[in-house]
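One letter stands for each residue in the lines below.
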Amino acid sequence: MKFILKSKYRQKVINTCYFSAVMAAFVLSLAHNNRVEASIDNRDYFSYLMIEDSVSQNIDDTQNISEESASGIKAMFEMVDKLVKQRNVEKEVALQSGDTLISLLTRLGASREVANDIYYSLKEHYDPRDLKAGQKLKVNLAIDSQTEELANVNYLMIEPNAGERIITALKNGAFETYVEKDEFIDEINSISGEIDGNLSNVMNRKGVPMRVISNFINIFSYSVDFKRDLQKGDSFEIVYESQVTPDGTLVKSGNILYAGLVLRNQKIALYRFKDSKGNVDYYSAKGQALKKTLDRKPLAARNAHISSPFGKRYHPVLKKHKIHWGVDYAAPSGTPIYAGGDGVVQVAKYNGSYGYYIKIRHNSEFSTAYGHMSRFAKGIRPGVRVTQGQVIAYVGSTGRSTGPHLHYEVIQNGRRVNPRTIKAATGENLSGNNLAKFKKLVAKIDNDFGKAFAERRSVKLAQK
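Nothing here was measured: the structure is a model prediction, and the numbers come from that model.

A. Representation of the sheet that holds strand β6 (residues 185–194) in the model. On the basis of which strands lie adjacent, the open sheet formed by five strands has the order β6-β7-β8-β9-β10 and antiparallel pairing. In this open sheet, the two strands that pair with only one neighbour each are β6 and β10 (280–283). Ignoring which end each strand starts from, the neighbouring axes of this sheet average 25° apart. Bridging between strand β7 (residues 235–244) and strand β8 (residues 250–263) involves nine bridges; their strand directions are antiparallel. If you follow Ser235 over to β8, its bridge partner there is Val262. Helix α7 (residues 210–220) rests against β7, β8, β9 (266–274) and β10 of the sheet, and its axis sits at about 35° to β8.

Here you go:
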């Protein structure tokens, strides 16, 4: 639609358009600034209002301007007015003991309705009930510059794991939640060092994560006495996996691929390998299994006394002499019971006089059995693979029993033997295709890291 301005209104319209352009630029600069912390000075704000009144008067006088143009200018002023009256504040808040997401938001000043909207939007991707005391959240709040009260919540961000962010943001009058994840980088780390005291402290100073250190010690715990065997001047070597964020932050430490201890002139080297059946263990360079002896007292209560030994005894319930095919350890009801060695659960059920009963096959030669438990640990069922020291059940007095205790049996080649005297090696050596694949893995690790480890040892010896 074409229209003509009267000469007396032309300059007013030009002034209006010029001011509109200036204000549009101002609005854009504010819109791109996500952290406006200060409001306009009162004197500037007063001047702005005077200009607005003047321009509004010009608009009223200029009756030949289209209604669409006038409406656009009015909307622009309303937006500027809102930006002047509010400021955005970003802060980090921590959940206090007993807090919920709702209580935290209402404490910040949000209405119950807004808090509920955020809660249910967030719940689509993350259960707010998983939040724990001390956990930190980032929030961006719109604050009224005059009253200093909360006008609205712009967004809330939770970082449940390193490299992962869950964001609930206000968009078009409603809250929407989305997830951001960094692309993790897989790394293989190789670290070695001389032992000059406590092994754990030395490895930690070298940058090895505590979880990896714990696993390293567990690998050698059945072949090395760390209190007696380690001496000053001995050394360790380790190759392990990890995941990091693009900025280098550790997300997760993974498996130990190689673990080595150099004790005086003897080197113990162990390599991780998964066989064709999916079983994972550590082996020497020749494919010989790490020999673990069965635990003779697989209980959390290591001081538990023997209430009934292996062999012939007078049965307290049957009131007659009978062979007792295991060892009974008296312990309080609910005491955790461990797997005596690595293996696969064959039986996990209520078994007559045994009460709640578990049988674990460790290799082709040895199995162990556990009786009279109060209950099984979570996830324990036939076919499940367990590791030595893993909690499998809890002490009880089910079946034919006179009090809470663990009945523990060791079966060798189908025959029950005394758990207190047997030395049962549970690992199986590699052979055939498994051995061939394992040797290739050993060659790769030695080629990639062995030379560097040897050079570091040579430097240390030269320095001495």
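B. Examining the side chain of Thr335 more closely. On the secondary structure map, Thr335 appears in the loop between β14 (327–330) and β15 (336–338). In terms of polar contacts, Thr335 uses its side chain to reach the backbone carbonyl oxygen of Pro332, at 2.7 Å. Setting aside residues no more than four positions away along its own chain, Thr335 makes contact with Leu299, Ala300, Ala301, Ala393, Tyr394 and Val395.

C. Highlighting the nonpolar core. The biggest cluster of nonpolar side chains holds 30 residues, and the ones touching the most others in it are Ile337, Ile358, Tyr370, Ile380 and Ile392. If you list the elements that add at least two residues to this core, you get β14, β16 (343–350), β17 (356–361), β18 (366–373), β21 (391–394) and β22 (405–412). Every residue in contact with Ile337, bar those within four places of it in the chain, is listed here: Pro298, Leu299, Tyr370, Met373, Gln390, Val391, Ile392, Ala393, Tyr394, Val395 and Leu406.

D. Examining the pattern of salt bridges more closely. In total, this model carries eleven salt bridges according to the counting rule given. The residue Lys267 makes a salt bridge to Glu237 at a minimum N-O spacing of 3.3 Å. With Lys267 in strand β9 and Glu237 in strand β7, the pair connects residues that are 30 residues apart, well separated along the chain. Assessed through its relative accessible area of 41%, Lys267 is described here as partly exposed. One network of salt bridges, in which partners are shared, links Arg165, Glu180 and Asp182.

E. Inspection of unusual backbone geometry at higher detail. Although it is not a glycine, Glu148 adopts a positive phi angle of roughly 60°. The residue Glu148 is located in the loop between β2 (136–144) and β3 (150–161) in this model. According to the relative accessible area criterion, Glu148 is partly exposed, its value standing at 45%. Positive phi outside glycine occurs at Asn172, with the angle close to 55°.

F. Representation of the pairing of β2 in the model. Direction of pairing for strand β1 (residues 86–94) relative to β2: antiparallel, over a ladder of nine bridges. Each bridged residue has a counterpart across the sheet, and for Gln86 the counterpart in β2 is Asp144. In this sheet, β3 lies alongside β2 in antiparallel orientation, the contact comprising seven bridges. In the strand pairing of β3, Val139 is matched with Leu156. Joining the antiparallel neighbours β2 and β3 is a turn of five residues, in which Glu148 adopts a positive phi near 60°.

Reading the values: rules and limits
- Residues numbered from 1 in each chain as written.
- Predicted model: local features only at pLDDT ≥ 70, side-chain atom pairs only at ≥ 80, totals over all residues.
- Heavy atoms only, no water.
- Pairing = 2+ DSSP bridges.
- Helix = DSSP H or I, 4+ residues; strand = E, 2+ residues; numbered from the N terminus.
- Axes fitted to C-alpha atoms, helices over the stretch in contact; angles between N-to-C directions.
- Contact = heavy atoms within 4.5 Å.
- Polar contact = N/O pair within 3.5 Å; in protein donor to acceptor, adjacent residues only side chain to side chain.
- Core = buried A, V, L, I, M, F, W, Y, C linked by side-chain atoms within 4.5 Å.
- Buried < 20%, exposed > 50% of the residue type's maximum accessible area, 1.4 Å probe, protein only.
- Salt bridge = Lys/Arg side-chain N within 4 Å of Asp/Glu carboxyl O.

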